[in-house]
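# Secondary and tertiary structure notes
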Amino acid sequence: ESYGIGNIPTEGPVYEWFKMNSEKKFEERAVIVNISQVHQSVILNLYATGDMANKLGLISGSDMTCEAAVAKLGYLASRNLPFDEIKRLMVNNLRG
């Protein structure tokens, strides 16, 4: 869960891990979904940290709750899809 409308740490061990993950090949990356704490928020690139999150390869969780994102990611991971396909499907409705 990120702060506000998608802000993530810009320094320190968490940021360094995000950066290290983003430098890996697509198929070796951990899938990270950026979920906001703001009710019905859509994570945008309005601020430097939101833009940085996108550049680091974090997937926008849009208006999903943490629980919905975990369920959706679990479902997609069970299908053994490549990273880019999971990234594409995480931002689209799968049901209804």
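The structure we're discussing is the one just above.
Residues numbered from 1 in each chain as written. Predicted model: local features only at pLDDT ≥ 70, side-chain atom pairs only at ≥ 80, totals over all residues. Heavy atoms only, no water.

## Considering the packing of aromatic side chains
This is how the line gets drawn: A pair of aromatic rings is counted whenever rings of Phe, Tyr or Trp (Trp by its six-membered ring) have centres within 6.5 Å, and the orientation is called stacked for planes under 30 degrees apart, edge-to-face for over 60 and tilted otherwise.
Enumeration over the complete set of coordinates arrives at 1 aromatic pair. With a centroid separation of 6.1 Å and 65° between ring planes, the pair formed by W17 and F18 is classed as edge-to-face.

## Quick word on the nonpolar core
This is how it is decided: Buried residues of nine kinds, namely Ala, Val, Leu, Ile, Met, Phe, Trp, Tyr and Cys, make up a nonpolar core once their side-chain atoms join them within 4.5 Å. Categorising residues by exposure relies on relative accessible area from a 1.4 Å probe, with only protein chains included: less than 20% of the type maximum marks a residue as buried, more than 50% marks it as exposed, and the intermediate range marks it as partly exposed. Comment: elements are numbered from the N terminus, with helices defined as DSSP H or I runs of at least four residues and strands as E runs of at least two. The contact criterion used is simple: two residues touch if any of their non-hydrogen atoms lie within 4.5 Å.
Ranked by size, the top nonpolar core spans 9 residues in total: V33, I35, I59, M64, A69, L76, I86, L89 and M90. Sorting the residues of this core by element identifies α3 (66–78) and α4 (83–90) as the ones contributing at least two each. Sorting elements by how many residues they give to this core places α4 first, with 3 residues. With residues up to four places along the chain from it excluded, the contact list for I59 reads V31, I32, V33, N34, K87, M90 and V91. F18, M52, A53 and L58 belong to the second-largest nonpolar core, a separate cluster that totals 8 residues.

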